[in-house]
Amino acid sequence: MSPDTPLAMLGGLTPAEFLGDFWQQKPLLIRGAFPDFECPLTPDELAGLACEEGVEARLVEEHGKTGPWQVSHGPFDERTFARLPEGDWTLLVQAVDHYVPEVAELLAAFDFLPRWRLDDIMISYAPPGGSVGPHVDQYDVFLLQGMGRRRWQLGGLVPDDAPIIAGIDLRILERFEVEAGNDWVLEPGDMLYLPPGWAHHGVSQSDDCLTLSVGFRAPSADEAITSFADYLGEQLPASLRYSDAGMAAPGDPAELDDEAVARMRRFILGTLDDPARLAQWFGRVMTQPKYADQLVANETPTDPAALVAALQEGEELVRTPGSRFAWHALGGGRATLFADGDGAECAQPLARRIASEAALDAELLAHEGAEVLLAALLDAGSLAWADEFEE
Ligand code: SIN
Ligand code: CO
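Residues numbered from 1 in each chain as written. Chains lettered and ligands numbered in written order. Predicted model: local features only at pLDDT ≥ 70, side-chain atom pairs only at ≥ 80, totals over all residues. Heavy atoms only, no water.

Caption draft 1: Representation of the overall build of the chain within the structure. Of the regular secondary structure elements, the chain holds 11 helices and 16 strands. With respect to the three principal axes, the spread of C-alpha positions in the chain is 75 × 75 × 45 Å. Taking the intrachain contacts of the chain between residues at least 6 apart in sequence as the baseline, contacts between residues at least 24 apart amount to 76%. If you sum the accessible surface of the chain, you get close to 20500 Å²; carbon and sulfur atoms cover 52% of it. Here the chain contributes 26 positively and 66 negatively charged side chains, and the mean placements of these two sets differ by 6 Å. (Helix = DSSP H or I, 4+ residues; strand = E, 2+ residues; numbered from the N terminus. Contact = heavy atoms within 4.5 Å. Areas by Shrake-Rupley, 256 points an atom, 1.4 Å probe, with all protein chains shown as cover. Lys, Arg positive; Asp, Glu negative; His and termini not counted. Charge placed at Lys NZ, Arg CZ, Asp CG, Glu CD.)

Rendered as structure tokens:
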């Protein structure tokens, strides 16, 4: 995708313009982002998914039996939906792109962003009045109206310590003031981009309101630092320690002086400042699957020779829905291929191909070592045989 080609889904902006002026900075309303949009899912199909074991689903009732803004978690059943009132509730289903290929196909439209930043596509259904209340998310999100109408109101950037309503399972803002001009009703195919930290409130205006949230995640400082330190820690020898060779005798043996603090600071920052290991950790952490239990490993290891034979007979491999791939150049034509939290070195074109949307067929075998890598990915559950995959 060229960064300088205007895109209808960005309201005619080029990816470079959108990234420069809006991404992580300010909201953008795009009327007709997906012209004549056909929602790839019906409200009934969404409700069906919410009844399945292993699917993350929530129901938010503004006037619940046990109090306002009651949240319950799936799997639900028909009785749940039968008891609900005519309005003022919302059903939210996470990671619908893992279960519905037509929803996953929408992701190609977002290829102007790194795929490893993606969290998932969440879809909500709400009858009239349904909402999850005014709130703030820490993620970038594209709110695409799939069916029916939703009114979106924005309340501006909110500080971290903004008061939230106590005693409920949702982080609803106590105060929400709509900014002048930031109040729109979205129709199917309209899309609203929101950076992290912006207060927003979306209320269904019709009895068939489906909204798709294409969400992008970014690790917090807490997550990044603790996770990288853990990764690095496993590789460091016990002999690498704080050292104070050549220090001056202490004026007071009980004092932890500034020199000691500075030595420890140099020791920690110097050890952490390892770009090669940081890249290895980063690729692994950003490709960790959203639901680790959805990754089903093979019980019997694949014989690479049998894999070669199957590919040569015309069989194809597919990427398991929900599996995450990325690659990082190592120089000299080599790369690390990251898949579902693991990393392996291979030829760069092979890594690129596996991490792309291209077919996984016998052509892959032109790359040295492809059969061993593919067998490992198959055994880890990141890839599957296309014919076995079709249910
Ligand atoms: C919704 O779809 O109802 C909520 C989405 C959001 O506000 O993040
Ligand atoms: Co939100």
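Still to come is the rest of the account.
Caption draft 2: Quick peek at the packing of aromatic side chains. The full count for this structure, using the stated rule, is 20 aromatic pairs. Taken together, the ring pairs connect Phe 18, Phe 22, Trp 23, Phe 110, Phe 112, Phe 142, Tyr 193 and Phe 216 into an aromatic cluster. (Phe/Tyr/Trp six-rings, centres within 6.5 Å; stacked < 30°, edge-to-face > 60°.)

Caption draft 3: Broad picture of the sheet that holds strand S7 (residues 150–157). Across the sheet, three strands lie side by side as S8-S7-S10; this open sheet has antiparallel pairing. Edge positions in the sheet fall to strand S8 (183–186) and strand S10 (198–204), since each of these pairs with one other strand and no more. This sheet shows a mean twist of 25 degrees between the axes of neighbouring strands, independent of strand direction. Of the strand pairs in this sheet, S7 and S10 are connected by seven bridges, and their pairing is antiparallel. Following the sheet pairing, Leu 154 is matched in S10 by His 200. (Pairing = 2+ DSSP bridges. Axes fitted to C-alpha atoms, helices over the stretch in contact; angles between N-to-C directions.)

Caption draft 4: Seen up close, the packing of helix H8 (residues 304–312) against helix H10 (residues 370–380). H10 packs onto H8 with a crossing angle of 95 degrees between their chain directions and a minimal axis gap of 9 Å. Viewed along their axes, H8 and H10 adopt a mutual orientation that is roughly perpendicular. Between H8 and H10, the residues in contact are Pro 304, Leu 307, Val 308 and Leu 311 and Glu 371, Val 372, Leu 374, Ala 375 and Leu 378, respectively. For the contact of H8 with H10, the class distribution of residues is eight nonpolar, no polar and one charged. (Parallel < 35°, antiparallel > 145°, perpendicular 65-115°, else oblique. Nonpolar A, V, L, I, M, F, W, Y, C, P; charged D, E, K, R; others polar.)

Caption draft 5: The site of ligand 1, seen in detail. The full set of residues close to ligand 1 is Met 122, Ser 124, Val 132, His 135, Asp 137, Leu 143, Arg 150, Trp 152, His 200 and Ser 213. The side chain of His 200 places a nitrogen or oxygen atom 3.2 Å from an oxygen atom of ligand 1. If ligand 1 stood free it would expose 260 Å²; the protein chains cover 94% of that surface. Sorting the residues of the shell around ligand 1 by element identifies strand S5 (118–126) and S7 as the ones contributing at least two each. (Near = heavy atom within 4 Å. Polar contact = N/O pair within 3.5 Å; in protein donor to acceptor, adjacent residues only side chain to side chain.)

Caption draft 6: Here's a closer look at unusual backbone geometry. Note that the residue after Gly 74, namely Pro 75, is joined by a cis bond; omega there is 5 degrees. Here Pro 75 lies in the loop between strand S3 (67–73) and helix H3 (78–83). At Asp 36, a residue that is not glycine, the phi angle is positive and equals roughly 50 degrees. One can find Asp 36 in the loop between strand S1 (28–30) and helix H2 (43–50). Unusually for a residue other than glycine, Asp 88 sits at a positive phi of about 65 degrees. Within the element layout of this structure, Asp 88 appears in the loop between H3 and strand S4 (89–93).

Caption draft 7: Region of the structure containing the sheet that holds S3. Pairing within the open sheet is antiparallel, and its eight strands lie in the order S1-S9-S6-S11-S5-S4-S2-S3. Looking at the sheet topology across the chains shown, the edges are occupied by S1 and S3. Ignoring strand direction, the axes of neighbouring strands in this sheet form an average angle of 20 degrees. Where strand S2 (residues 57–64) meets S3, six bridges bridge the pair, whose relative direction is antiparallel. From the neighbouring strand, His 63 faces S3, where its bridge partner is Pro 68. In the packing of H2 onto the sheet, contacts are made with S2, S4, S5, strand S6 (140–147) and strand S11 (209–216), and the angle to S4 comes to roughly 65 degrees.

The values reported here are purely geometric and, on their own, carry no functional implication.
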